[in-house]
2 protein chains.
Amino acid sequence: MTKQEIISQIKKKESFLCIGLDTDITKIPPHLLKEKDPIFEFNKQIIDATHDLCVAYKPNLAFYETMGAKGWESLLKTIEYIPNHIFTIADAKRGDIGNTSTMYAKAFYENLKVDSVTVAPYMGSDSVIPFLEFKNKWVILLALTSNRGADDFQFFESNDEKLFEKVLKQSQKWGNEENLMYVVGATRPEMFKKIREIVPNHFLLVPGVGAQGGELKEVCKYGMNKDCGLLINSSRGIIYAGNDLNFAKKSREEAHKIQKEMSILLK
Amino acid sequence: MTKQEIISQIKKKESFLCIGLDTDITKIPPHLLKEKDPIFEFNKQIIDATHDLCVAYKPNLAFYETMGAKGWESLLKTIEYIPNHIFTIADAKRGDIGNTSTMYAKAFYENLKVDSVTVAPYMGSDSVIPFLEFKNKWVILLALTSNRGADDFQFFESNDEKLFEKVLKQSQKWGNEENLMYVVGATRPEMFKKIREIVPNHFLLVPGVGAQGGELKEVCKYGMNKDCGLLINSSRGIIYAGNDLNFAKKSREEAHKIQKEMSILLK
């Protein structure tokens, strides 16, 4: 998917919501457990109920890998079921030496057919570049994450430059705003100002709104650019809004609340 | 597996060789392609031919994920087939926020039943600690990797401390020498001296010998400790030593060459 196509969808739907499909067999409504593939059935109903309110879905790979081969099948069916105009993100945090990253890129872009993969930067250029060599596919590189442990290394500072700033700068030699986005957590909205000085035009994937405590309005105040430039993710707050026969309706209500807020923020 | 069990195996086999199972469907001998599960059949024959010469096997997850659900099945069968006394490493370079890392840990330790997982440090404490909470299981944390891109961020320096040194120091607050090892590439043997000052007793997993150009003798000179303290990985050099009906015999010959060298270095 191209950057222009993502922007068009945001304008059309008045939404920059990404829904995280962190689908956990122990948390889905019990009546689904009698289905042949409960994980897919859950995702299918969530997608049916929310696809007009969001512009991206982000399955979290850990939740599928924990189900083994069966989980991989559920994931594949889920990706196939998502309408083509919706951006898909494999939240996988991958990254390895060159030939291995190429293998991961093939696994995600060619076999799973997602539009993007989240990638960890620690191993540097040759761990990231193989993911950038696929037409109309995206790397979403970890820059400043939303978790507590982000403090351990991401703020490591050399000559007034923090590690996450170095990641933002260095990676612009490898990709551009047409194939590279960054993960920036919503839990540190004050950091968006500085980040936008380094990457004014790139899209940012922002987790941490909702369950992790981030504030949508604050993030937009400092993080939004002329193209919107944000994909705001919510996972647990939407998909686990209900736990009975009406769970999908409940998830739609939650997604709708956020979409209405986004519609105002886009104006 | 406990640290003492690993040390016992090293003494018994006079080997600290880890064989990397980077099994690529496009590189295995063509006669295997008629098998129902060519990837598993290849691994099985490699394991049969080498299990008395090595103390660890390290499947590289990317090579299995690229085969989708079928790849996951091949991986599971491979892990089950490896004799119990041999240490198993899921080379997966995972790491995510706490609840997601817990999911990955379950996927690897409980479902795949491997002894260890390689983990990327960028997201800090709560991305690593969930992997350390499983009895007799190990985290192998990326410190200094063998690839070219390692220069991009791992040597980032603050107050005379490089990022990879900070990773070595900080992570010792989370784990200890009984559940935490580090990845240190063989392509920089001169760095082992400094690394051993920070982590004198931890095991180090050392990739990069062979195909990537690292030198076994040099690594041992600076990296070995009183318990040996090294697991030296070779992947392509061993498993792709031959490409015909005799491939497993050829892989044994290559593994044997390294084991004989290791036997001398252990004395």
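We now turn to the structure provided with this report. (Residues numbered from 1 in each chain as written. Chains lettered and ligands numbered in written order. Predicted model: local features only at pLDDT ≥ 70, side-chain atom pairs only at ≥ 80, totals over all residues.)

1. Quick look at the relation of the copies chain B and chain A
The condition that has to hold: Least squares is the method for superposing the copies, and the C-alpha atoms it fits come from residues with pLDDT of at least 70 in both. What counts as a contact here is a pair of residues whose C-beta atoms, placed from the backbone, lie within 7 Å.
Once turned by 180° and shifted 0.0 Å along the axis, chain B lies on chain A with an RMSD of 0.0 Å. In the structure described here, the two chain copies are related by an operation that fits a two-fold rotation axis. Interface overlap between copies: 100% of the residues of chain B at the interface are likewise at the interface in chain A, consistent with a symmetric, same-surface contact.

2. A closer look at the environment of K257 of chain B
Residues and elements named next belong to chain B. To keep it simple, the criterion reads: In DSSP terms, a helix is any run of H or I states spanning at least four residues, a strand is any run of E spanning at least two, and both are numbered starting from the N terminus. Residue burial here comes from a neighbour count, namely the number of other C-beta atoms, placed from the backbone, that lie within 10 Å of the residue's own C-beta, with 20 or more meaning buried, 12 or fewer meaning exposed, and in between meaning partly exposed.
Within the secondary structure, K257 is located in helix α12 (residues 247-265). In this structure K257 comes out as partly exposed when scored by C-beta crowding, with 14 C-beta atoms within 10 Å. Taking the C-alpha atoms as reference points, K257 and K267, separated by 10 residues in sequence, lie 16 Å from one another.

3. Here's the deal with helix α4 (residues 68-81) of chain B
Residues and elements named next belong to chain B. So the rule is basically this: For a helix, the expected span equals 1.5 Å multiplied by the number of residues minus one. What the arc covers is the set of directions going from the helix axis to the C-beta atoms.
For α4, spanning 14 residues, the distance from its first C-alpha to its last is 20 Å, which sits close to the expected 20 Å at 1.5 Å a residue. Taken together, the buried positions of α4 are occupied by G71, W72, S74, L75, T78 and I79. Along the axis of α4, the buried positions cluster into a sector of 160°, meaning they face one direction only.

4. Thoughts on the sheet that holds strand β10 (residues 230-234) of chain A
All names here are of chain A. Test applied: Only when DSSP finds a minimum of two bridges between them are two strands counted as paired. To get an axis, a line is fitted to the C-alpha atoms, and for a helix only the part in contact is used. The angle between two axes follows their N-to-C directions and goes from 0 to 180 degrees.
Read around the barrel, eight strands follow the order β1-β2-β3-β4-β5-β8-β9-β10 and close on themselves; strand pairing throughout is parallel. Taking the axes of each pair of neighbouring strands and ignoring which way they run, one obtains an average angle of 30° across the sheet. Pairing of strand β2 (residues 56-59) with strand β3 (residues 87-94), which is carried by two bridges, proceeds in the parallel orientation. Across the sheet, A56 pairs through a bridge with F87, a residue of β3. Taken strand by strand, helix α6 (residues 125-132) contacts β4 (116-119), β5 (138-144) and β8 (180-184), and its axis lies near 145° from that of β5.

5. A short note on the pairing of strand β4 (residues 116-119) of chain B
This is how the line gets drawn: When the strands point away from the viewer and the path from the first strand over the helix to the second turns clockwise, the crossover is right-handed.
Side chains of β4 of chain B alternate between two faces, with S116 and T118 of chain B and V117 and V119 of chain B buried alike. For the crossover from strand β3 (residues 87-94) of chain B across helix α5 (residues 98-112) of chain B to β4 of chain B, the handedness is right-handed.

6. Description of the interface of chain B and chain A
To keep things clear, this is the line we draw: When residue character is reported, Ala, Val, Leu, Ile, Met, Phe, Trp, Tyr, Cys and Pro are called nonpolar, Asp, Glu, Lys and Arg charged, and the others, Gly included, polar.
The interface of chain B with chain A comprises 47 residues on the first partner and 47 residues on the second. Every element with two or more residues in the side of chain B that touches chain A is listed here: α3 (61-65), α4, β3, α5, α6 (125-132), α7 (150-153), β6 (157-158) and α8 (163-171) of chain B. No other element matches α5 of chain B, which puts seven residues into the side of chain B that touches chain A. Per-class residue counts for the side of chain B that touches chain A are 19 nonpolar, 16 polar and 12 charged.

7. Comments concerning the pairing of strand β2 (residues 56-59) of chain B
Residues and elements named next belong to chain B. Here β2 shows a buried face lined by A56 and K58 and a second buried face lined by Y57 and P59. Summarising the sheet, strand β1 (residues 17-21) and β2 pair through four bridges and their orientation is parallel. When the bridges of β2 are listed, C18 appears paired with A56. Between β1 and its parallel partner β2, the chain crosses via helix α2 (residues 38-50), and the hand of that crossover is right-handed.

8. With respect to the packing of α2 of chain B against α12 of chain B
Residue and element names in this part refer to chain B. The criterion, for reference: Orientation labels follow simple angle bins: below 35 degrees gives roughly parallel, above 145 gives roughly antiparallel, 65 to 115 gives roughly perpendicular, and whatever is left gives oblique. Working rule for handedness: look at the near helix, and if it is turned counterclockwise from the far one by less than a right angle, call the crossing left-handed; if clockwise, right-handed.
Look at α2 against α12: their axes get within 9 Å of each other, and the N-to-C directions meet at 45°. One finds that α2 runs oblique with respect to α12. By crossing handedness, the relation of α2 to α12 is classed as right-handed. Residues Q45, I46, D48, A49 and T50 of α2 touch α12, and the partners they reach there are A248, K249, S251, R252 and A255. Of the residues that constitute the contact of α2 with α12, the class distribution is four nonpolar, three polar and three charged.

9. Quick word on the sheet that holds strand β10 (residues 230-234) of chain B
Residue and element names in this part refer to chain B. Taken together, the eight strands give a closed barrel; going around it, the order is β1-β2-β3-β4-β5-β8-β9-β10, and neighbouring strands pair in parallel fashion. Here the strands of the sheet are splayed against their neighbours by 30° on average, with no regard to which way each runs. Direction of pairing for β3 relative to β4: parallel, over a ladder of three bridges. By the bridge assignment for β4, R94 is matched with V119.

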